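Coordinate analysis (summary)
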Amino acid sequence: MLMEKWEWDNGTSPMEFLLLGMGNIPALQRPLFLLSLMIYLMCVVGNILIVVLVVADRHLHTPMYFFLGNLSSLEICYSSTILPRLLASLLTENKTISVHGCIAQFYFFGGFAAAECYLLAMMSYDRYLAICQPLLYASLMTWKVCFQMAAGSWLMGFLIPTAVTPFLAQLKFCRPEAIDRFFCDLTPLLELACSDTRKVRLVAFIFGFLDVVLPFLFTLASYMCIIAAILRIPSSVGRQKAFSTCSSHLTVVTVFYGTLIIVYMLPRTPPLRQLNKVFSFFYTVLTPLVNPLIYSLRNREVREALRKALRKALAFTQSS
């Protein structure tokens, strides 16, 4: 049955892949489509709202919220590389994707995911300076430095896909298995390759260390210093106030890296494939939705900015 869904180039390399997605049960396709559509719309609207609040409210014109606006912009791009294609496949029940389309999806997905790793590291450095070096914070975290750090995060994030994609495009794919994911990732693509993948794996390992492991270690070191500094604060009120300034970011980091580690560290054995798929759905689809909720629910400044924006919108509606 799978062979009928493949177009072959000279009998060796498929022109299309088959993304199995979340399963092949017809009765679940419509509910999954509606659920995914609702999640995507909430993700886009929530993150756009964060960006608008950061730009419009002058009380949020600080380095921390500047990075938050960048994170929300990144989440919109991140989810938009996966969910529209997933929605189309659920609606039309056409699960095929071209080889070039699959590689392009991996390029943008990998780039945005790695950029988020760098951006989370920059945000942890911002919190480190605010808590551990408060007297130097204003002089060190200038707007020029903020712009450079944000731009560097976006650019450095594309190290992995830019380095790996040329090697990936040269591979021959000749196995008639489908990709047991709802998006194109590096590991499933390498499993389908019948040519030598050692170069791709070596390049992916090197740049994966630079784009994922190093930012994670930097973030971990920053929070170790932050926690140590908070514990040295004599009063419980002071400790609580200091921790509240980084609790939202720490929650986002824990959710993002926790699911990322589970997805890529779980053994790829048949019994664990479905669990792997569930966590893949969580960190690629639900995490961009959870982030604006975390910041809006746990952050007093964002809640206040949202209330003011709603009051202005209500007043404008009543006056017109």
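Residues numbered from 1 in each chain as written. Predicted model: local features only at pLDDT ≥ 70, side-chain atom pairs only at ≥ 80, totals over all residues. Heavy atoms only, no water.

In terms of nonpolar packing, the biggest core is built from 55 residues, with Phe67 and Leu120 touching the most fellow members. Secondary structure elements with two or more residues in this core: helix H1 (26-56), helix H2 (63-80), helix H3 (83-92), helix H4 (99-132), helix H6 (143-156), helix H11 (247-265), helix H12 (270-298) and helix H13 (300-319). Sorting elements by how many residues they give to this core places H4 first, with 11 residues. In this structure, Leu120 is in contact with Leu71, Thr219, His249, Val252, Val253, Phe256 and Tyr257, ignoring residues within four places of it in sequence. Residues Leu19, Ile179, Leu189 and Ala204 belong to the second largest nonpolar core, which totals 23 residues. (Core = buried A, V, L, I, M, F, W, Y, C linked by side-chain atoms within 4.5 Å. Buried < 20%, exposed > 50% of the residue type's maximum accessible area, 1.4 Å probe, protein only. Helix = DSSP H or I, 4+ residues; strand = E, 2+ residues; numbered from the N terminus. Contact = heavy atoms within 4.5 Å.)

Okay, the packing of H2 against H6 next. Across the interface, H2 lies against H6 with an axial gap of 10 Å and an inter-helix angle of 20°. One way to sum up the angle between H2 and H6 is to call them roughly parallel. In this structure, H2 meets H6 at a crossing whose hand is right-handed. In contact with Pro63, Phe66, Phe67, Asn70, Ser73, Leu74 and Cys77 of H2, H6 contributes Trp143, Cys146, Phe147, Met149, Ala150 and Trp154. (Axes fitted to C-alpha atoms, helices over the stretch in contact; angles between N-to-C directions. Parallel < 35°, antiparallel > 145°, perpendicular 65-115°, else oblique. Left-handed = near helix turned anticlockwise from the far one by under 90°.)

A full pass over the atoms with the stated rule returns six salt bridges. One connected set of salt bridges, linked through shared partners, spans Glu304, Arg307 and Arg311. (Salt bridge = Lys/Arg side-chain N within 4 Å of Asp/Glu carboxyl O.)

Scanning the model with the defined rule gives 17 aromatic pairs in all. Residues Phe216 and Tyr257 carry aromatic rings whose centres are separated by 4.8 Å and whose planes lie at 55° to one another, so their mutual orientation is tilted. In this pair, Phe216 is assigned in helix H9 (residues 198-231) and Tyr257 in helix H11, connecting sequence segments 41 residues apart. A connected cluster of aromatic rings, assembled from ring pairs, spans Tyr107, Phe108, Phe112, Trp154 and Phe158. (Phe/Tyr/Trp six-rings, centres within 6.5 Å; stacked < 30°, edge-to-face > 60°.)

Below, the discussion takes up the layout of surface pockets. The volume enclosed by the largest pocket comes to roughly 990 Å³. Listing elements by their share of the lining of the largest pocket, those giving two or more residues are H4, helix H8 (186-192), H9, H11 and H12. Counting residues per element, the lining of the largest pocket draws most heavily on H9, which supplies eight residues. Within the lining of the largest pocket, the residues separate by chemical class into 23 nonpolar, four polar and five charged. If you add up the space inside the second largest pocket, you get close to 300 Å³. Taken together, 12 residues form the lining of the second largest pocket, with Tyr65, Ser244, Thr245, Asn299 and Glu301 sitting closest to its centre. Within the lining of the second largest pocket, the residues separate by chemical class into three nonpolar, four polar and five charged. (1 Å grid on protein atoms, 1.4 Å probe; cavity = no way out; pocket = protein on both sides within 12 Å on 5 of 7 lines; lining within 4 Å. Points joined across faces, edges and corners; volume = space filled by probe spheres on them. Nonpolar A, V, L, I, M, F, W, Y, C, P; charged D, E, K, R; others polar.)

Residue placement: Ser79 occurs in helix H2. Exposure remark for Ser79: the relative accessible area of 0% places this residue in the buried category. With sequence-adjacent residues up to four places away left out, Ser79 is seen in contact with Tyr40, Cys43, Pro84 and Pro288.

Now for the packing of H4 against helix H7 (residues 159-169). Taken N-terminus to C-terminus, the directions of H4 and H7 make an angle of 160°; their axes are 8 Å apart at the nearest point. Compared by their axis directions, H4 and H7 come out roughly antiparallel. Here the hand of the crossing between H4 and H7 comes out right-handed. Residue-level inspection shows Ile103, Phe106, Tyr107, Gly110, Gly111 and Tyr118 of H4 in contact with H7, the latter providing Leu159, Pro161, Thr162, Val164, Thr165, Leu168 and Ala169. Considered class by class, the residues forming the contact of H4 with H7 number nine nonpolar, four polar and no charged.

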